[in-house]
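Observations on the three-dimensional arrangement
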Amino acid sequence: MIPHLNVKAVSFRRYISIILIGLGCGGIMTILLNTGVLRGIELKSLDFRFLCRGTIPTSDKIVIIGTDEEALDKIKDPFIFWSPYFADIIKAVAVGGAKSIGLDFLQTIALKKVEGEDLDGIMADALMEAQNVIMINLLRWDNTIGGLKAINPLSRYLYASEPDNIGFSNLTIDNDGCVRRQTLLLNDTESNIYAYIGLKVIAKYLNSTIEKKGDHIRVGDYAIPVNSYNEMLINFAGPSGTFPIMSFYKVWQLSRQGKTDFFKRNFKDKIVLIGPGNIYSQDFKPTPFYRSQYYTGTRQTLGIEIVANVINTVLERRFIVSPEFWQTILIILFLGVLTSFTSFKLSPIAGGIVAFAVAAGYANFCIFLFSKYNIHLDMICPLDAIPLTYTAVFTYRYTIEDKEKRRIKRIFKHYVSEEVVEELLKYPGEIPLGGNRVEVTVLFADIRGFTALSEKRDPRQVVSILNSYFAMMADVILKNKGTLDKYIGDGILAFFGAPIPREEHAALAVNSAIEMITRLDVLNKELMLDVPLRIGIGIHSGEAVVGNIGSKLKMEYTIIGDTVNTASRVEGLTKEFKANILITEETFSRLKILDNITPEKDITLRGKTQPIKLYRVET
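The rules behind each value
- Residues numbered from 1 in each chain as written.
- Predicted model: local features only at pLDDT ≥ 70, side-chain atom pairs only at ≥ 80, totals over all residues.
- Heavy atoms only, no water.
- Helix = DSSP H or I, 4+ residues; strand = E, 2+ residues; numbered from the N terminus.
- Expected span 1.5 Å × (residues − 1).
- Buried < 20%, exposed > 50% of the residue type's maximum accessible area, 1.4 Å probe, protein only.
- Contact = heavy atoms within 4.5 Å.
- Polar contact = N/O pair within 3.5 Å; in protein donor to acceptor, adjacent residues only side chain to side chain.
- Core = buried A, V, L, I, M, F, W, Y, C linked by side-chain atoms within 4.5 Å.
- Phe/Tyr/Trp six-rings, centres within 6.5 Å; stacked < 30°, edge-to-face > 60°.
- Lys NZ or Arg CZ within 6 Å of the ring centre and 35° of its normal.
- Arc of directions from axis to C-beta.
- pLDDT = per-residue confidence, 0-100.
- Axes fitted to C-alpha atoms, helices over the stretch in contact; angles between N-to-C directions.
- Parallel < 35°, antiparallel > 145°, perpendicular 65-115°, else oblique.
- Left-handed = near helix turned anticlockwise from the far one by under 90°.
- Nonpolar A, V, L, I, M, F, W, Y, C, P; charged D, E, K, R; others polar.
- Pairing = 2+ DSSP bridges.
- 1 Å grid on protein atoms, 1.4 Å probe; cavity = no way out; pocket = protein on both sides within 12 Å on 5 of 7 lines; lining within 4 Å.
- Points joined across faces, edges and corners; volume = space filled by probe spheres on them.

So, on to helix α12 (residues 325–345). Each full turn of the α-helix corresponds to 3.6 residues, which orients residues three or four apart in the same direction. With 21 residues, α12 extends 31 Å between its outermost C-alpha atoms, agreeing within 8% with the 30 Å of an ideal straight helix rising 1.5 Å per residue. Those residues of α12 not exposed but buried are T328, I332, L335, G336, V337, T339, S340, T342, S343 and F344.

Dropping the structure here:
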């Protein structure tokens, strides 16, 4: 008879269950967080937070000059011959007092003289006079060198400017095609360090060097937080158009007219970015604001605008920071345990309302921290821990808090025969449902060459063959009072001696193996396959941990330990020894009847230091 538990014991067990369910569900979401399975959805939640926050003021130190439709219409020269126009603007902007100029225009083809004009020379002269123009290069993966290779502008431009006045323009694009972060430093195969154009423009503006220190990149007195890939989250000020873009053509006209007052008024002590700014440009990328359904009428963001957003993030010190991984884990576990406590105390409806309120509160908290303090908390995994825990709690309450006999029957009916289940139900209080170290014999069986066999057949036929095989083998194992653990592909894992201890567990395992071989011959006659099924069986005895293993959401009565591993490896040797059944010395020593058993050579299993003795069981 099962003794009644007192109230304190029941309450204590309930509180332990509450905590374990919360931690278990939190642990599941932590694993998903670590694997990055939900990273795509998390990035969408970041986009949503940008939308909730809306646009923010931009730095007045940044000015963009974009090649507009008017320039394309009125400048009849092909774009490749626009070097003189860029040169006029660069000279005028530099004379106007711009501290740093970023040129998002890569000229790799030497023009030399066109109609008597040295176009490259005009551009080179402008670069030499300004001495503060940061040009771009592109870093491309080169299979021949197995690394990055720089595509630089014309050597004539490089010689005219300072050698260090160059930065790569490669954008960092997430898997969904959206730009949310930017790599600031890259290395090539020769250990050359390249900096992003936006970072080089800032360094020129501050007249400072760039240094990597720990998890920050320092330029002047700015410490930019980056991840292990030197990536910085871009704090976009808004959708495309948030930064005003001055007309390239109008600025060029004013430069030709010598309007120095205009240039001093608009560009003195500023960062000036010059690049494509027209609707025909191919330099558009989606960003968090554009991804939103509410911004479908807004064009994607120009590359030069992305550069401006990177610079704005640094100069305004609006760095997006994320908590450490362990801090995120604590948040997930806290929400799991909190939901578990509230769900255990309330009815399903009330618990669901509270769980929804907790989720809504956390989501709003994430939006608030991002909008006010630029803190990016992981939203999706912590939020998913709430409904997962809620579901687990009420599943537990409905299925676990029940009579002991029903619990044992539900747990063991798929593993052991009805006869064993009935035996278990006689002594429910003595059956350890948690992990317990016991002496057992493990049987591992696997079909030889099943992969090749299955490739030649229709999948439905393969499933039918497996079902017939598993049904017959399971019947043999259960008849011999074994516990059927699991099917692993085309393999079977079973053990003898648990949940009910049996002194003859080794003999039961060997008898099962012999009968399995015999029954397989019957099955082959029924299936009439062109290549009959053949199996190898490995058996090993020893101590193992047996019990309900897993979490409250997913728990199995199973076996773990070195004994299982050894049995599996012994089964793997059956093909090498051309044997149907191999057993170890530990199993052999527990047998009383030793007929039809012959010794094999000693062998050292993988991962072992001492050789073991194997025996062949003839069938």
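As a further point, take the environment of D142. By the secondary structure assignment, D142 is in strand β5 (residues 133–142). Here D142 falls in the buried class, since its relative accessible area comes to 17%. As a C-alpha pair, D142 and T189 span 47 residues in sequence and 9.9 Å in three-dimensional space. Here D142 is in contact with G147 and K149, once residues within four sequence places are set aside. Among the polar contacts listed, one links the side chain of D142 to the side chain of T144, at a separation of 2.3 Å.

The biggest cluster of nonpolar side chains holds 50 residues, and the ones touching the most others in it are L184, Y196, L199, I224, M232, L273 and I311. Contact partners of M232, with chain neighbours within four places excluded, come to R180, R181, Q182, L184, I224, P225, V226, V310, T313, V314 and F319. Of all hydrophobic cores here, the second largest spans 40 residues; its members include A445, A494, V510 and I581.

With that out of the way, let us pick up the packing of aromatic side chains. Overall, the coordinates contain 23 aromatic pairs when judged by the stated rule. Their ring planes at 35° and their centres at 6.1 Å tell us that Y15 and F341 sit as a pair that is tilted. Here F341 lies in helix α12 and Y15 lies in helix α1 (residues 7–35), a separation of 326 residues in the sequence. The exposure class of Y15 is partly exposed, given its relative accessible area of 36%. Judged by its relative accessible area of 28%, F341 falls in the partly exposed class. One aromatic cluster is present, built from ring pairs that chain together F79, W82, Y85, F86, F105, F248, Y249 and W252. Sitting over the face of the ring of Y205, K99 holds its NZ or CZ atom 5.3 Å from the ring centroid.

Right, let's talk about helix α20 (residues 562–572) for a bit. Those residues of α20 that fall on the buried side of the exposure criterion are T563, V564, T566, A567, V570 and E571. The arc enclosing the buried residues of α20, seen along the axis, measures out at 165°, which places them on a common side.

Glancing now at the side chain of H505. Residue placement: H505 occurs in helix α19 (residues 505–527). Of note is the side chain of H505, whose polar atom sits 2.6 Å from the side chain of T441. Beyond its immediate chain neighbours, meaning those up to four positions away, H505 contacts E439, V440, T441, F496, G497, S541 and R590.

Okay, the confidence of the model for the chain next. Of the residues in the chain, 89% have a pLDDT of 70 or more, and the chain-wide mean is 86. Under a pLDDT of 50 for its full length, residues 1–10 has, in the predicted model, 4 contacts with residues more than four places off or in other chains.

Right, let's get into the packing of helix α18 (residues 459–479) against α19. Remark: α18 packs on α19, axes separated minimally by 10 Å, with the N-to-C direction vectors making an angle of 150°. Looking at the two axes, α18 sits roughly antiparallel to α19. Crossing hand, α18 versus α19: right-handed. Side by side, α18 and α19 meet where I465, S468, Y469, M472, M473, D475, V476, I477 and K479 of the first sit next to S512, E515, M516, R519, L520, L523, E526 and L527 of the second. Classifying every residue of the contact of α18 with α19 by side-chain character gives 10 nonpolar, 2 polar and 5 charged.

Here the focus is the sheet that holds strand β11 (residues 210–213). Spatially, the 3 strands line up as an open sheet ordered β11-β12-β13, and their pairing is antiparallel. Single-partner strands in this sheet number two, and they are β11 and β13 (222–225). Neighbouring strand axes in the sheet, compared pairwise and without regard to direction, differ in orientation by 25° on average. Pairing of strand β12 (residues 216–219) with β13 involves 4 bridges; the strand directions are antiparallel. Within β13, the position partnered with H216 by the bridge is P225. Along the sheet, helix α7 (residues 197–206) makes contact with β11, β12 and β13, crossing β12 at roughly 35°.

Our next topic: the layout of surface pockets. Its volume calculated, the second largest pocket comes out at about 1000 Å³. R181, N227, S322, P323 and D378 are, among the 30 residues lining the second largest pocket, the residues nearest its centre. Those elements giving two or more residues to the lining of the second largest pocket turn out to be α1, α2 (39–53), β14 (231–233), α12 and α14 (380–399). Here the lining of the second largest pocket is built from residues that sort into 15 nonpolar, 8 polar and 7 charged.

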